[in-house]
Amino acid sequence: MSELLIVYHSRTGGSRQMAQAAFDAARQEGSARLMPAVEVGPEDLLRAQGYLFVAPENLASLSGQMKEFFDRCYYPALGKIEGRPYAQMICAGSDGQGAARQLARIATGWRLKEVQAPIIVCTKAQTADAILAEKVIGKDDLARCGEIGGALAAGLAMGVF
């Protein structure tokens, strides 16, 4: 059975909520696993047939823990996951474009196939207190996250990708 692997990192809860919404919808359409980036190893990437990467943007880049996941798994998976579909979701305080570009470059190196434009959820957190506060992602944004999770899992299950 085709499996969707949802890899996420979350420091203040926003990315975790987004990943959970995607996972809940994905499980209704096919096989899916939800894993924190710190726990994902190359074997998890090799086992899955598609990926959804979910991360916060920190200082206009991917969060350090998400980047560490890519650093740790990049070479062991290189040349072994080419052509597999992926999508990404970014939780950002402002625009999220820096993190999305960085993730897309990593996925390009792996020769993954982007099947959905990045979803960026902007929390508008601009002060130190707002940036560090626990996030609450709105129902409309969570619905968008669910749609992408469900679509990826369904596409994998049907052999579309």
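Now for a look at the structure at hand. Values in this document were obtained by computation on a predicted structure and should not be read as measured data.

**A short note on the overall build of the chain**
At step 1: Summing up its helical and strand segments, the chain has six helices and seven strands in all.
At step 2: Helices and strands in the chain line up, N terminus first, as β-α-β-α-β-β-α-β-α-β-β-α-α.
At step 3: In terms of overall size, the chain behaves like a compact globule, its C-alpha atoms giving a radius of gyration of 14 Å where 161 residues would be expected to give roughly 15 Å.
At step 4: Residues counted as buried form 51% of the 161 residues belonging to the chain.
At step 5: Considering only intrachain contacts with a sequence separation of at least 6, the fraction spanning at least 24 residues in the chain is 83%.
At step 6: Accessible surface for the chain amounts to roughly 7,700 Å². Of this, 51% is attributable to carbon and sulfur atoms.
At step 7: Side chains of the chain give 17 positive and 17 negative charges; the mean places of these two sets differ by 3 Å.

**What to know about the packing of helix α1 (residues 14-29) against helix α6 (residues 139-158)**
At step 1: Following both chains from N to C, one finds α1 and α6 inclined at 40°, their axes separated by 7 Å at the closest point. By the angle between their directions, the pair α1 and α6 is classed as oblique. Helix-helix and strand crossings are classified by hand; for α1 and α6 the assignment is right-handed. Residues Gln17, Met18, Ala21, Ala22, Ala25, Ala26 and Glu29 of α1 touch α6, and the partners they reach there are Leu142, Cys145, Gly146, Gly149, Gly150, Ala153, Ala154 and Ala157.

**Thoughts on the pattern of salt bridges**
At step 1: For the coordinates displayed, the defined rule picks out seven salt bridges.
At step 2: Close ionic contact of glutamate 3 with arginine 33 constitutes a salt bridge, the shortest N to O distance being 2.9 Å. A residue pair is termed long-range when its members are at least 10 positions apart, and glutamate 3 in strand β1 (residues 3-8) and arginine 33 in strand β2 (residues 31-36) qualify at 30 residues.
At step 3: Across the pair glutamate 68 and arginine 72 runs a salt bridge, and its minimum N-O distance is 3.2 Å.

**Details of the environment of glutamine 97**
At step 1: Tracing the backbone shows glutamine 97 in helix α4 (residues 97-110).
At step 2: The exposure class assigned to glutamine 97 is partly exposed, which follows from its relative accessible area of 38%.
At step 3: Remark: the alpha-carbon pair of glutamine 97 and valine 115, spanning 18 residues in sequence, is separated by 18 Å.
At step 4: What glutamine 97 contacts, discounting residues up to four positions off in sequence, is Glu57 and Ile120.

**So, the packing of helix α3 (residues 64-77) against α4**
At step 1: α4 packs onto α3 with a crossing angle of 10° between their chain directions and a minimal axis gap of 11 Å. It follows from the interaxial angle that α3 and α4 lie roughly parallel. Side by side, α3 and α4 meet where Lys67, Phe70, Cys73, Tyr74 and Ala77 of the first sit next to Gln102, Leu103, Ile106, Gly109 and Trp110 of the second.
At step 2: Looking at the contact of α3 with α4 residue by residue, the class counts come to seven nonpolar, two polar and one charged.

**Some points on the pairing of strand β3 (residues 50-58)**
At step 1: Of all nine residues in β3, eight are buried, a share of seventy percent or more.
At step 2: Judged from the five bridges that link them, β1 and β3 form a sheet pairing that is parallel. By the bridge assignment, tyrosine 8 is partnered in β3 with valine 54.
At step 3: Taken together, the two bridges between β3 and strand β4 (residues 61-62) define a ladder with antiparallel strand orientation. Residue pairing in the sheet places asparagine 58 in a bridge with serine 61 of β4.
At step 4: Hairpin connection from β3 to β4: two residues lie between these consecutive antiparallel strands, with leucine 59 at a positive phi of about 55°.

Reading the values: the criteria
Residues numbered from 1 in each chain as written. Predicted model: local features only at pLDDT ≥ 70, side-chain atom pairs only at ≥ 80, totals over all residues. Heavy atoms only, no water. Helix = DSSP H or I, 4+ residues; strand = E, 2+ residues; numbered from the N terminus. Rg over C-alpha atoms; globule rule 2.2 N^0.38 Å. Buried < 20%, exposed > 50% of the residue type's maximum accessible area, 1.4 Å probe, protein only. Contact = heavy atoms within 4.5 Å. Areas by Shrake-Rupley, 256 points an atom, 1.4 Å probe, with all protein chains shown as cover. Lys, Arg positive; Asp, Glu negative; His and termini not counted. Charge placed at Lys NZ, Arg CZ, Asp CG, Glu CD. Axes fitted to C-alpha atoms, helices over the stretch in contact; angles between N-to-C directions. Parallel < 35°, antiparallel > 145°, perpendicular 65-115°, else oblique. Left-handed = near helix turned anticlockwise from the far one by under 90°. Salt bridge = Lys/Arg side-chain N within 4 Å of Asp/Glu carboxyl O. Nonpolar A, V, L, I, M, F, W, Y, C, P; charged D, E, K, R; others polar. Pairing = 2+ DSSP bridges.

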